[in-house]
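What the coordinates show
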Amino acid sequence: MGVYDISLPITQNLVTWPGDPVIELEKVYQLEQGDVATVSRINMCVHSGTHVDAPGHFIAGGKSVDELDLTILTGSALVVDALEADNINAAFLEKIDIPAGTNRLLFRTRNSELWSDAQQMFTEDFVAISEDGAHWITENGIQLLGVDYLSAAPFGDSNPVVHKILLRKETIIVEGLNLLNIEPGSYQLVCMPLKIVGADGAPARAILIDEKIE
Ligand SMILES: [Zn+2]
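Overview of the structure. Every value quoted in this text rests on a predicted model; they were computed, and no experiment measured them.

Cut-offs applied
Residues numbered from 1 in each chain as written. Predicted model: local features only at pLDDT ≥ 70, side-chain atom pairs only at ≥ 80, totals over all residues. Heavy atoms only, no water. Donors = N, O, S within 2.8 Å, 3.2 Å for Na, K, Ca; no water. Tetrahedral: all angles 85-135°; square planar, octahedral: opposite > 155°, others 65-115°. Helix = DSSP H or I, 4+ residues; strand = E, 2+ residues; numbered from the N terminus. Buried < 20%, exposed > 50% of the residue type's maximum accessible area, 1.4 Å probe, protein only. 1 Å grid on protein atoms, 1.4 Å probe; cavity = no way out; pocket = protein on both sides within 12 Å on 5 of 7 lines; lining within 4 Å. Points joined across faces, edges and corners; volume = space filled by probe spheres on them. Nonpolar A, V, L, I, M, F, W, Y, C, P; charged D, E, K, R; others polar. Contact = heavy atoms within 4.5 Å.

The next subject is the coordination of the zinc ion. Summarising the metal site, the zinc ion is bound by the protein donors H47 (ND1), H51 (NE2), D53 (OD) and E175 (OE), whose distances to it range over 2.0 to 2.3 Å. Classification of the site at the zinc ion rests on its 4 donor atoms, whose angles at the metal span 76 to 170 degrees, yielding the label irregular. Of note, the donors binding the zinc ion are all from one chain and are spaced H-x3-H-x1-D-x121-E. Residue H51 is located in strand β4 (residues 51-53), and its partner E175 is located in strand β8 (residues 172-175); the two are separated by 124 residues in the primary sequence. Residue H51 is classed as buried on the basis of its relative accessible area, which comes to 0%. Its relative accessible area of 2% is what places E175 among the buried residues.

Right, here's the structure in full:
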């Protein structure tokens, strides 16, 4: 049975959203310095790396990440080949013939290649969900959506309309996936955001498991 880690490694070099806190990892105590144990602390934005957005990120009074339904965060998911797409719009979603009953969609776009860049420079020109794409998603029973860059919405979406359309319907948004080596198709998704009470999002470990069990 294949298990594929689609999470980004958390390091101080991992690219973060412009203006968000950068990732800081610090060893507070270290065996090498004679301390009784090695103990680390981490300081980062909850929207760093692979993470989940909760409705409260953009909707006042919306659910926080600890209140999200784990039955949506686990289960059958379709990885869609969107390598040729410049954005995920309604026309694209209509064209790809998503099987009836699909409720978790992950988009493998050219963004996933950006994670191989050792420089880890932020890219503004990433593939994102368009406004009509967000409407299509909420109108077609999709409960979870995964993207392979740091935001589901295009850069410069200062009125965060895409997030609002999705989060108002409590569509769970998983951002910062690395789908570079993932063949399009059906998998079991397991995505577990940290249970941070009251938070607008949380870092998550996300894996895909082959559907065929031998
Ligand atoms: Zn986010």
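Using a probe with the size of a water molecule, rolled over the atoms, empty space left in the structure can be pinpointed. Approximately 310 Å³ is the volume found for the largest pocket. Lining the largest pocket we find 20 residues, and of these W17, H57, F58, S151 and H163 sit closest to its centre. Grouping the amino acids of the lining of the largest pocket by side-chain chemistry returns 8 nonpolar, 8 polar and 4 charged. Considered as a void within the structure, the second largest pocket measures approximately 170 Å³ in volume. Lining the second largest pocket are 15 residues, and of these I72, Q143, K169, E170 and T171 sit closest to its centre. Split by residue class, the lining of the second largest pocket holds 6 nonpolar, 4 polar and 5 charged.

Note on placement: I173 falls in strand β8. Using a relative accessible area of 0% as the deciding quantity, one classes I173 as buried. Remark: the alpha-carbon pair of I173 and H51, spanning 122 residues in sequence, is separated by 8.4 Å. The contacts of I173, once residues within four sequence positions are left out, are H51, V52, D53, L145, A152, H163, L166 and L167.

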